[in-house]
Amino acid sequence: KNEVEQSPQNLTAQEGEFITINCSYSVGISALHWLQQHPGGGIVSLFMLSSGKKKHGRLIATINIQEKHSSLHITASHPRDSAVYICAAIPLTNFGNEKLTFGTGTRLTIIP
Amino acid sequence: NAGVTQTPKFRILKIGQSMTLQCTQDMNHNYMYWYRQDPGMGLKLIYYSVGAGITDKGEVPNGYNVSRSTTEDFPLRLELAAPSQTSVYFCASRIGVRAKNIQYFGAGTRLSVL
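Here is what the cut-offs are and how they apply
Residues numbered from 1 in each chain as written. Chains lettered and ligands numbered in written order. Predicted model: local features only at pLDDT ≥ 70, side-chain atom pairs only at ≥ 80, totals over all residues. Heavy atoms only, no water. Helix = DSSP H or I, 4+ residues; strand = E, 2+ residues; numbered from the N terminus. Buried < 20%, exposed > 50% of the residue type's maximum accessible area, 1.4 Å probe, protein only. Contact = heavy atoms within 4.5 Å. Core = buried A, V, L, I, M, F, W, Y, C linked by side-chain atoms within 4.5 Å. Phe/Tyr/Trp six-rings, centres within 6.5 Å; stacked < 30°, edge-to-face > 60°. Lys NZ or Arg CZ within 6 Å of the ring centre and 35° of its normal. Buried area = accessible area lost by both parts, 1.4 Å probe. Salt bridge = Lys/Arg side-chain N within 4 Å of Asp/Glu carboxyl O. Polar contact = N/O pair within 3.5 Å; in protein donor to acceptor, adjacent residues only side chain to side chain. Nonpolar A, V, L, I, M, F, W, Y, C, P; charged D, E, K, R; others polar.

(A) Spatial organisation of the environment of Gly3(B). Residues and elements named next belong to chain B. With respect to the secondary-structure elements, Gly3 resides in the segment before β1 (4–7). Overall, the relative accessible area of 14% leaves Gly3 in the buried class. Not counting residues up to four positions away in its chain, the partners in contact with Gly3 are Thr24, Gln25, Asp26 and Met27.

(B) Structural detail: the nonpolar core. Residue and element names in this part refer to chain A. Counting residues in each nonpolar core, the largest one holds 22 residues, and the members touching the most others are Ile19, Leu32, Trp34, Phe47, Leu49, Leu72 and Tyr85. When residues of this core are traced back to their parent elements, those giving at least two are β3 (19–25), β4 (29–37), β5 (43–49), β7 (59–64), β8 (69–74), β9 (83–91) and β11 (106–111). Non-local contacts of Ile19, meaning those with residues more than four positions away in its chain, are made with Leu11, Ala13, Leu72, His73, Ile74, Ser77, Leu108 and Ile110.

(C) Fine view of the packing of aromatic side chains. Overall, the coordinates contain 5 aromatic pairs over all chains when judged by the stated rule. The interplanar angle of 15 degrees and the centroid separation of 6.1 Å between the aromatic rings of Tyr33(B) and Tyr35(B) together place this pair among those described as stacked. For the pair Tyr33(B) and Tyr35(B), one class covers both residues: buried. Here the aromatic rings of Tyr33(B) and Tyr48(B) are separated by 6.4 Å at their centres, their planes lie at 20 degrees, and the arrangement is stacked. Of this pair, Tyr33(B) sits in strand β4 (residues 31–37) while Tyr48(B) sits in strand β5 (residues 44–51), and the two are 15 residues apart along the sequence. The exposure class of Tyr48(B) is buried, given its relative accessible area of 7%. Ring pairing ties together the aromatic residues Phe102(A), Tyr33(B), Tyr35(B), Tyr48(B) and Phe105(B), which thus form one cluster. One Lys or Arg, Arg68(B), reaches over the ring of Phe74(B) and ends 6.0 Å from the middle of that ring. Positioned above the aromatic ring of Tyr31(B), the side-chain terminus of Arg94(B) is 4.0 Å from the ring centre.

(D) Seen up close, the interface of chain B and chain A. With 20 residues of chain B at the interface, the matching set in chain A holds 19 residues. For the pair chain B and chain A, the summed buried area comes to about 1,700 Å², and 57% of that belongs to carbon and sulfur atoms. Between the two partners, chain B and chain A, sit 0 salt bridges. Taken together, chain B and chain A are joined by 1 residue pair in polar contact (both at pLDDT 80 or more). Put simply, the parts of the chain that give the side of chain B that touches chain A at least two residues each are β4, β5 and β9 (87–94) of chain B. No other element matches β4(B), which puts 4 residues into the side of chain B that touches chain A. Here the residues of the side of chain B that touches chain A are counted per class, giving 12 nonpolar, 5 polar and 3 charged.

This is the structure in structure tokens:
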């Protein structure tokens, strides 16, 4: 079992829908990242959070450390949001080197 | 700033050949990482470095070597390419300040070993 699990693996939605992608992890962590991988392959960091909630434009990320769970929400989804979204955690055991443990990603497709 | 630059973007190797994947960053980041991404799998850490002259193994180091002679460059060497090394390789870097530990990724190198 992976230390970081994402759901769903694939998600198709209509333009304008509210999107939620979930990430759960089984070890204590110091922080969690949400990454976006574009269809062309490039990876961009969206958020890094260790508590609470962060918002950037139409993207919102939340984390509940006690429940070992994080969510990424997209409001008013648009076809350009189509990408693979990756959750990555920094286990407490990786203090200092900050090595990430990655989920397998959620492939999001937004249909116009 | 160019950020993290990887070369080449694509490469086809024959079994047993050697090559070096180049990675350079111009952000004066201390920490650098090499990952591989296989279809349907999460990124796996191959090697990482916390500063010039310091490298360490990640989860999947076998078949690879690295060096870090300067802060900017972190090349990944494949000595005897095998089909199992067919993958997409990403280099990443981040500043050493823990509170700002977002990783910046290169565009990736798609490698096929035939």
